[in-house]
Amino acid sequence: APAGGGMTVQHWAENQAQFANMPPLPENWIRIRSSSSRIYFVNTFTGETQFVEPPDLPPGWTKQVSKSSGKTYYFHAARGLNTFEKPRV
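Residues numbered from 1 in each chain as written. Predicted model: local features only at pLDDT ≥ 70, side-chain atom pairs only at ≥ 80, totals over all residues. Heavy atoms only, no water.

## Quick look at the overall build of the protein
No. 1: Along the backbone of the protein there are 1 helix and 6 strands.
No. 2: If you list the helices and strands of the protein from N to C, you get α-β-β-β-β-β-β.
No. 3: In terms of C-alpha radius of gyration, the protein reaches 16 Å, well past the compact-globule figure of 12 Å for 89 residues.
No. 4: Of all 89 residues assigned to the protein, the portion counted as buried reaches 28%.
No. 5: As displayed, the protein offers around 6300 Å² of accessible surface, 52% of which is attributable to carbon and sulfur atoms. (Helix = DSSP H or I, 4+ residues; strand = E, 2+ residues; numbered from the N terminus. Rg over C-alpha atoms; globule rule 2.2 N^0.38 Å. Buried < 20%, exposed > 50% of the residue type's maximum accessible area, 1.4 Å probe, protein only. Areas by Shrake-Rupley, 256 points an atom, 1.4 Å probe, with all protein chains shown as cover.)

The structure is reproduced here in structure tokens:
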């Protein structure tokens with residue numbers, strides 16, 4: 001299916017280098033530049049598209065920084081869990 005600028009999603013998936021200066025996206029997500037130069041996001045697995053950058057953490061998780069060590073960790077308040085390994089979406 002043609003995406004931004006008449007190019008296919010596969011073409012865009014193979015040409016993500018132009019977005020290398022931007023933060024990494026969750027697994028299966030890519031950026032596409034629309035014909036009006038607006039960036040949108042496509043999940044190459046589900047086909048979902050959106051203009052809002054997809055969250056890189058599963059629902060309920062937040063990224064924190066330890067006040068004592070300065071290390072990044074992840075916290076899930078509702079479950080009372082924390083981990084130094086980044087939870088996957």
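## Some thoughts on the pattern of salt bridges
No. 1: Under the defined criterion, the tally for this structure stands at 3 salt bridges.
No. 2: Measuring nitrogen to oxygen at the nearest pair gives 2.2 Å for the salt bridge that ties E27 to R88. One end of the pair, E27, is in the loop between α1 (9-14) and β1 (29-33); the other, R88, is in the segment after β6 (81-83), and 61 residues separate them in sequence.
No. 3: Judged by relative accessible area, E27 falls into the exposed class, the value being 55%. (Salt bridge = Lys/Arg side-chain N within 4 Å of Asp/Glu carboxyl O.)

## Overview of the sheet that holds strand β5 (residues 72-76)
No. 1: Pairing in this open sheet of 3 strands is antiparallel, and the strands run β4-β5-β6 from one edge to the other. The open sheet has two edge strands, β4 (61-65) and β6, and neither has a second partner. Looking at each pair of strands side by side, their axes are set apart by 30 degrees on average, direction ignored.
No. 2: In this structure, β4 lies alongside β5, joined through 5 bridges in antiparallel fashion. Looking at the pairing, K63 lines up with Y74 of β5. (Pairing = 2+ DSSP bridges. Axes fitted to C-alpha atoms, helices over the stretch in contact; angles between N-to-C directions.)

## Topic: the sheet that holds strand β3 (residues 49-50)
No. 1: Taken together, 3 strands build an open sheet; the order of strands is β1-β2-β3 and the sheet is antiparallel. Pairing within the sheet leaves two strands with one partner each, and these edge strands are β1 and β3.
No. 2: Bridge count between β1 and strand β2 (residues 39-43): 5 bridges; the pairing is antiparallel. Across the sheet, the residue bridging to R31 is F41, located in β2.

## Quick look at the pairing of β2
No. 1: When you tally the buried positions in β2, you get 5 out of 5 residues, the bulk of the element.
No. 2: Burial along β2 is two-sided: the residues I39, F41 and N43 and Y40 and V42 are all buried.
No. 3: Connecting β1 to the next strand, β2, in antiparallel fashion are 5 residues, including S37 with a positive phi near 70 degrees.
No. 4: Where β2 and β3 come together, 2 bridges link them in antiparallel fashion. Looking at the pairing, F41 lines up with Q50 of β3.
No. 5: Linking β2 back to β3 in an antiparallel pair, the connection comprises 5 residues, with G47 at a positive phi of about 85 degrees.

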